Amino acid sequence: QQQQQHQQEQPPQQTEDSGSGNNGNNGNSKAFARLVGLDMMRGLTMVVMLVVDYTGAAFPSIDHAPWDGVHLADFVMPWFLWVSGFSMSISLRVHSGRRTFSVFRASLSRALRLFLLGLLLQGGWLTMSTEGLQALNLDLSTVRWMGILQRIALAFAIVAALELYMPQVVTTTDPTPAPMMRERGSEEPMLPTSLRQSPAVQPLSGFRLVWVNAPAWSAILVIVCVGIGLTYGVTPPGGWPGCAATVFPCEANFSGGGQCGPEPHFVDRLDRMGCSGPGYIDSTILGIRHVYHKGSNMPTWPPTFGFDPEGLVTTLSATFSMYFGLHAGKVWQTTKNVKISMLHWFSLGFGMMLVGFILTAWVPFNKRLWSPSYSLFMAGNATLCYASLFWLVDATQSQPICLRSVSAWLRTLFIPLQWLGANCILFFVFSDCSGVLSFLLSSINWGHPYTENNIVAWFQNDVLMRWLDLGASCGTTYARCGPALMVFVWVEIVAWMSIAGILYRKKIFWKI
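What you are looking at is a predicted structure, and each value in this text was computed from that prediction instead of being measured.

Regarding the environment of V331
No. 1: Looking at the secondary structure, you find V331 in helix α9 (residues 312-335).
No. 2: Since its relative accessible area comes to 1%, V331 is described here as buried.
No. 3: Separated by 121 residues in sequence, V331 and V210 place their C-alpha atoms 9.6 Å apart.
No. 4: Not counting chain neighbours up to four residues away, the residues in contact with V331 comprise G206, L209, K336, S341, H344 and W345.

Side note on the sheet that holds strand β6 (residues 248-252)
No. 1: Taken together, 4 strands build an open sheet; the order of strands is β7-β6-β8-β9 and the sheet is antiparallel. Each edge of the open sheet is held by one strand with a lone partner, namely β7 (258-260) and β9 (305-307). Recorded for the sheet is a direction-independent mean angle of 30° between the axes of neighbouring strands.
No. 2: The pairing of β6 with strand β8 (residues 293-296) spans 2 bridges and is classified as antiparallel. By the bridge assignment for β8, F248 is matched with S296.

A closer look at the state of the cysteines
No. 1: Taken as a whole and judged by the stated rule, the model has 3 disulfides.
No. 2: Between the sulfur of C250 and that of C260 lies a disulfide, 2.0 Å long from S to S. Between C250 and C260, the disulfide has an S-S torsion of 110° and is therefore right-handed. Pair noted here: C250 is in strand β6 and C260 is in strand β7, with a separation of 10 residues, a long-range link.
No. 3: On the accessibility criterion, C250 (8% relative accessible area) is buried.
No. 4: In the protein chain, the bonded cysteines, taken in the order they occur along the sequence, pair up as 1-4, 2-3, 5-6.

Thresholds, definitions, all that
Residues numbered from 1 in each chain as written. Predicted model: local features only at pLDDT ≥ 70, side-chain atom pairs only at ≥ 80, totals over all residues. Heavy atoms only, no water. Helix = DSSP H or I, 4+ residues; strand = E, 2+ residues; numbered from the N terminus. Buried < 20%, exposed > 50% of the residue type's maximum accessible area, 1.4 Å probe, protein only. Contact = heavy atoms within 4.5 Å. Pairing = 2+ DSSP bridges. Axes fitted to C-alpha atoms, helices over the stretch in contact; angles between N-to-C directions. Disulfide = S-S within 2.5 Å.

Put into structure tokens, the structure is as follows:
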């Protein structure tokens, strides 16, 4: 793990913007050493992800919606992207004496590291043999090319390119101002990308910032429209197996083969996935055996079609969530004004959610297709969630005095989320979000059957199911016992919060 000394967090310091002319009673700017609310939102997203991933099979109402609709699990991916975009407004800087290309190259390097880590975690590297033994085996003939981190990596590279290289429209304070295009990437000393403006540029409000970045917004909308066009405008050709009247889910095994057939616990709409534009395109480009869901029109191996919920086509549409987060972050970085930022975030958040709801009359919420209604709705509620956290834990000096004690109490209550958010990569990799720690612990066993004689299975089956008698209310195995799964996942969350808290105090962070 890469351990870095993190700048010691200081409590928010109250300062005045130079030339702002505001006083402490009207929500003027504050200098924040670190946006605690952003870490908390990142940590909250990680907690929700672990809960829904680990217990979703036993509680379908919080698992991903089978097709149309929104469940709790469907909030995770767009919030990941939104938070990543907001963070870019802070970290994507062109310092004095440094060229734009060097910053972009560093961004591409980080995106590549994220993509490779995603391949290792979700590409099938961690496998289990037919005898239940853990093994490291990355089969390039079946590796899953796309996944959570891979999608974030691609969106990160696209958004970084737009932020660094798209020109900006600058309106001066001249009585007859003329819009002009300012090229980015000059070698003169530069401020952070969100603060690059000449002294003559008017102070930017949130919505004026959209105009200033109109070329980048136009580019992101073109990318989204391409994604929407491929999603809803492409129809699989006649005879495509995914459009058959009856389809069967397929599951690969350790030996390289697999089986296809009816699966009583498979609730996802495989027929809708297989007969969709993204399912056909991703199966053609990535390969049928390289996507997450695989199916066949016959109950025999091999699979004849596939679908990936983090596929290439829907990733084009998903870039909107990251760029929207970037915009929200730039509003704060540009104005440093609590009132202006909060007003913009809440108005934009409610507006996006409203538009998303209206669009459901024509295009339902659909996470797997990343429908326009779903994309706007999720961008809106992510903005509202962060605005609320910002107000509660970061903007305390702008609150009425009677609320500051409540905010201090809430900040203390939510501090474990801050710890997790500050070490989110560590949590994602080693927790059961990716399962690396459970994989390593399960590899230590005391005889056949190996899947039952290890410390993880002992805690699940003996401690939870038998000693605590959680299995009495289930009448089934641990894998389908909702109470046992829920207790296990919260024990894991508390344990990881404790570990993250220790690392936070020691200023140890794992970054990619």
